[in-house]
Amino acid sequence: METPSNPLLKITDIRKISALAKAQNAILACDNTFATPVFQNPIDLGADIVMHSSTKYFGGHSDILGGALITKEVNPFWEKVKIVQRVGGAVPSPMDCYLLCRSIRTLAYRMKGHAEHAAILAEYLLNHPNVEKVFYPGLISHPGHAVAASQMSGFGGIVSFMVNGDAIRADEVVSKLRYFANATSLGGVESLIERRAAVEGPETKTPQNLLRVSVGLEHTDDLLEDLAQALD
Ligand SMILES: Cc1ncc(COP(=O)(O)O)c(C=O)c1O
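Model, not experiment: these values are computed from the prediction. (Residues numbered from 1 in each chain as written. Predicted model: local features only at pLDDT ≥ 70, side-chain atom pairs only at ≥ 80, totals over all residues. Heavy atoms only, no water.)

(A) Structural context of the domain arrangement of the protein. Segmentation of the protein into domains returns domain 1 (14–104) and domain 2 (107–231). Distance between the C-alpha centres of domain 1 and domain 2: 25 Å. Listed by partner, the interface residues are 20 residues for domain 1 and 23 residues for domain 2. Both sides together, the interface formed by domain 1 and domain 2 hides about 1800 Å², and carbon and sulfur atoms give 59% of it. Considering only the side of domain 1, the residues that lose the most area to domain 2 are Phe34, Phe39 and Tyr57, jointly responsible for 41% of the buried surface there. Viewed at the interface, domain 2 and domain 1 are joined by 0 salt bridges. Remark: the boundary between domain 1 and domain 2 carries 11 residue pairs in polar contact (both at pLDDT 80 or more). For the side of domain 1 that touches domain 2, the secondary-structure elements that each account for two or more residues are helix H1 (14–23), helix H2 (36–39) and helix H4 (94–104). For the side of domain 1 that touches domain 2, the element with the most residues is H2, which contributes 4 residues. Taken together, the residues that form the side of domain 1 that touches domain 2 break down as 10 nonpolar, 8 polar and 2 charged. (Domains from an automatic or database assignment. Contact = heavy atoms within 4.5 Å. Buried area = accessible area lost by both parts, 1.4 Å probe. Salt bridge = Lys/Arg side-chain N within 4 Å of Asp/Glu carboxyl O. Polar contact = N/O pair within 3.5 Å; in protein donor to acceptor, adjacent residues only side chain to side chain. Helix = DSSP H or I, 4+ residues; strand = E, 2+ residues; numbered from the N terminus. Nonpolar A, V, L, I, M, F, W, Y, C, P; charged D, E, K, R; others polar.)

(B) Inspection of the packing of helix H7 (residues 167–176) against helix H9 (residues 220–231) at higher detail. Packing of H7 against H9 leaves a shortest axis separation of 8 Å and a crossing angle of 140°. One way to sum up the angle between H7 and H9 is to call them oblique. As for the relative orientation of H7 and H9, their crossing is right-handed in sense. Every residue of H9 that contacts H7 at Arg169, Val173 and Lys176 is listed here: Asp226, Gln229, Ala230 and Leu231. A class-by-class count of the residues in the contact of H7 with H9 yields 3 nonpolar, 1 polar and 3 charged. (Axes fitted to C-alpha atoms, helices over the stretch in contact; angles between N-to-C directions. Parallel < 35°, antiparallel > 145°, perpendicular 65-115°, else oblique. Left-handed = near helix turned anticlockwise from the far one by under 90°.)

Have a look at this one:
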C-alpha cells in the first residue's frame, strides 16, 4: 500500500489493512514516501515493511537518488535484502550517503514547513474560481481526512488540483508559473509542479487536467502570487 497515494493523495487505513493482512497471513508493506516518518509510522500501525524513496523528502534537495526499506524485525526477508545489498551491490554511493546523512538532520523541520505551506496553498486553490477540485488530506472536505488525522500527525507537502478546463489549459498554467519548476520529482526545498497524465502515458487514469505540486519552502506570499497570476 501507499498512503497518501501519488498523485491523488488517497488515504488508506493502515490499521484496517494490517488486520486484513494478518487474517490472511500476508505481509503488509507500506510506501511512506509522502508522509515521511515525521508524520506517519506504519510499523506502529501494523505494517511489516516500510519503504521510502530517499530521493524525495529524506534528501530534500533534489540532488540524490536512494531508497530505504525498514522491517519490523530481523527476519528471513530482511536477510534476503541484505544479501541483495552485499552480493548484488545495491547500495548508494558514498556521496549520496553523505548528502543523505546531512539532509536527514533537517527532515523534521523541513516537513513542518512543507506541510504548513501545503495547507496554505490547498486552502487558496480550494477557493479559486479557475480550479475544479483540490486534493489534500489536510482539507476537511477530503474524503480521507478523518483517517488521515487518525494515523498522521501532519498531512504532508503534496497538493494536487484539477484546473478548470482541459490538458492544454493545465499546461498553460504550468508554463506561466515562475517559482514552480515543471519537473517529475518531489520533496525538495523548491516547489515543483507537473501534469501527471503527461508523464504517465496513454493508459493513465489520472485526470488530464490534474497538476501535482510538491510545495517547497519558499515564502508562501511568493507562491500564492505566482499561482494567482498563472491561474488568472
Ligand atoms: C510514493 C513514491 N514512492 C516511490 C517512488 C520511487 O522513488 P525513486 O525515484 O527514488 O525510485 C516515488 C517516485 O516518484 C514515489 O513518489
